[in-house]
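# Notes for the structure review
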Amino acid sequence: MCLAAPAKIIRRSGLTATAETDGVRREVHLGLLPEVQVGDFVLVHAGFAIQRWTQEDLDEYLSLQQELESTL
């Protein structure tokens, strides 16, 4: 099973970008979101940025993740 994960765009060259999550960097394709810029947050699935996120989206995700982890 594959899950999408949020990441921050730290470098961009054309439709390819470097995204970072928890210190891990990976190359992602921006073909579905050509308007994304360095500093934006995106949801990454199978090497593609599939949704642009705001800081509020990321904060909510991190809060829910923390809540889930505390129940385990």
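In the block above lies the structure referred to throughout.
The following paragraphs examine the structure supplied in this document. (Residues numbered from 1 in each chain as written. Predicted model: local features only at pLDDT ≥ 70, side-chain atom pairs only at ≥ 80, totals over all residues. Heavy atoms only, no water.)

All right, on to the side chain of Asp-40 then. Take Asp-40: it is sitting in the loop between strand 3 (24-29) and strand 4 (41-45). The exposure class of Asp-40 is buried, given its relative accessible area of 14%. A polar contact of 2.8 Å, which involves the side chain of Asp-40, links it to the backbone nitrogen of Gln-37. Side-chain polar atoms of Asp-40 contact the side chain of Arg-52, separated by 3.4 Å. (Helix = DSSP H or I, 4+ residues; strand = E, 2+ residues; numbered from the N terminus. Buried < 20%, exposed > 50% of the residue type's maximum accessible area, 1.4 Å probe, protein only. Polar contact = N/O pair within 3.5 Å; in protein donor to acceptor, adjacent residues only side chain to side chain.)

What follows covers the pairing of strand 2 (residues 16-21). Strand direction decides the pairing type here: strand 1 (residues 5-13) and strand 2, joined by five bridges, are antiparallel. Within strand 2, the residue paired with Ile-9 across the bridge is Ala-19. Remark: two residues form the turn of the hairpin made by strand 1 and strand 2, two consecutive strands paired antiparallel; Gly-14 in that turn has positive phi of roughly 65 degrees. Here strand 2 runs beside strand 3; their pairing, made up of six bridges, is antiparallel. Across the sheet, Ala-17 pairs through a bridge with Val-28, a residue of strand 3. The antiparallel pairing of strand 2 with strand 3 creates a hairpin that spans two residues between the two strands, and Asp-22 there sits at a positive phi of about 50 degrees. (Pairing = 2+ DSSP bridges.)

What the rule picks out here adds up to two salt bridges. For Glu-20, the salt bridge goes to Arg-25, with nearest N and O atoms at 3.1 Å. In this structure Arg-25 comes out as exposed when scored by relative accessible area, which is 51%. The salt bridge partner of Arg-52 is Asp-40, with a shortest N-O separation of 3.4 Å. Of this pair, Arg-52 sits in strand 5 (residues 48-53) while Asp-40 sits in the loop between strand 3 and strand 4, and the two are 12 residues apart along the sequence. (Salt bridge = Lys/Arg side-chain N within 4 Å of Asp/Glu carboxyl O.)

What follows deals with the nonpolar core. Counting 11 residues, the largest nonpolar core consists of Ala-7, Ile-9, Ala-17, Ala-19, Val-28, Leu-30, Leu-33, Val-36, Val-42, Val-44 and Ala-49. Elements supplying a minimum of two residues to this core: strand 1, strand 2 and strand 4. (Core = buried A, V, L, I, M, F, W, Y, C linked by side-chain atoms within 4.5 Å.)

As a further point, take unusual backbone geometry. At Asp-22, a position not held by glycine, the phi torsion is positive, near 50 degrees. Classification of Asp-22 by relative accessible area gives exposed; the value is 79%. Of note in this structure, Ala-46 is not a glycine but carries a positive phi near 55 degrees. Mapped onto the secondary structure, Ala-46 falls in the loop between strand 4 and strand 5.

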